[in-house]
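Secondary and tertiary structure notes
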Amino acid sequence: MTHNPAEPRRAAVALKYDAATDSAPKVIAKGRGLVAEKIMALAREQGIPMREDPDLVQLLTQIDLAQEIPPTLYKVVAEVLAFVYRLNQCYKRPNNA
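Note that this is a predicted model, so its numbers are computed, not measured.

Moving on: the overall build of the protein chain. Looking only at helices and strands, the protein chain has three helices and two strands in total. Counting from the amino terminus, helix and strand elements in the protein chain follow one another as β-β-α-α-α. Every one of the 97 residues in the protein chain was classed for burial, and the buried ones make up 23%. For the protein chain, restricting intrachain contacts to residue pairs at least 6 apart in sequence, the fraction spanning at least 24 positions comes to 55%. Summed over all atoms, the accessible surface of the protein chain reaches about 7300 Å², with 55% contributed by carbon and sulfur.

Right, dumping it as structure tokens:
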């Protein structure tokens, strides 16, 4: 299958953050095209929330795997983590209300 240059290739980045052990979120997976699709499929299978933000993905793809995000991205990534935490709280409620 060939890539049509008129269509942007999909990109994905996966972050991991454990407040008990990590000083900042780390990039644990990243890719474009089929790799991005696989990352997203695995996230869906595991019930991991996803958020589309092409500008943030572009910045995060520049970070090496297993590296912490730089302090310049703390605020925007904190907003994403807050989004994920809110989603998780909604799913934990018995009536989802």
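A few words now on the packing of aromatic side chains. Geometrically, a pair of aromatic rings is defined through the distance of the ring centres and the angle of the planes. Overall, the coordinates contain zero aromatic pairs when judged by the stated rule. Directly above the aromatic system of phenylalanine 83 lies the positively charged group of arginine 51, at a separation of 5.3 Å from the ring centroid.

Note that soluble globular proteins tend to have their nonpolar side chains buried in a common cluster. Core analysis: the biggest nonpolar cluster contains 10 residues, these being Val13, Val27, Leu56, Val57, Leu60, Ile63, Ile69, Leu73, Val77 and Val80. Apart from residues lying up to four places away in sequence, leucine 73 is in contact with Leu56, Leu59, Leu60 and Ile63.

Moving on, we get to helix α1 (residues 34–45). If you check α1, its first and last C-alpha atoms are 16 Å apart, about what 12 residues at 1.5 Å a residue would give, namely 16 Å. Every buried residue belonging to α1 is among Ala36, Ile39, Met40 and Ala43, and all of these are buried. Looking straight down α1, one finds that the buried residues subtend no more than 95° of arc, so they occupy a single side. Within α1, the exposed residues directed more than 90 degrees away from the buried face are Leu34 and Glu45.

This part takes up helix α3 (residues 74–92). The first and last C-alpha atoms of α3 sit 26 Å apart over 19 residues, in line with the 27 Å expected at 1.5 Å per residue. Inspection of α3 places Val77, Val80 and Val84 among the buried residues, and these make up the whole buried set. Buried residues of α3, viewed axially, fall in a sector of 60°; they line one side. Away from its buried face, by an angle of more than 90 degrees, α3 presents the exposed residues Lys75 and Arg86.

With that settled, consider the side chain of threonine 61. By the element assignment, threonine 61 lies in the loop between α2 (54–60) and α3. Residue classification places threonine 61 among the buried residues on the basis of a relative accessible area of 18%. When neighbours within four sequence positions are excluded, threonine 61 is seen to be in contact with Val13, Lys30 and Arg32.

Rules and cut-offs
- Residues numbered from 1 in each chain as written.
- Predicted model: local features only at pLDDT ≥ 70, side-chain atom pairs only at ≥ 80, totals over all residues.
- Heavy atoms only, no water.
- Helix = DSSP H or I, 4+ residues; strand = E, 2+ residues; numbered from the N terminus.
- Buried < 20%, exposed > 50% of the residue type's maximum accessible area, 1.4 Å probe, protein only.
- Contact = heavy atoms within 4.5 Å.
- Areas by Shrake-Rupley, 256 points an atom, 1.4 Å probe, with all protein chains shown as cover.
- Phe/Tyr/Trp six-rings, centres within 6.5 Å; stacked < 30°, edge-to-face > 60°.
- Lys NZ or Arg CZ within 6 Å of the ring centre and 35° of its normal.
- Core = buried A, V, L, I, M, F, W, Y, C linked by side-chain atoms within 4.5 Å.
- Expected span 1.5 Å × (residues − 1).
- Arc of directions from axis to C-beta.

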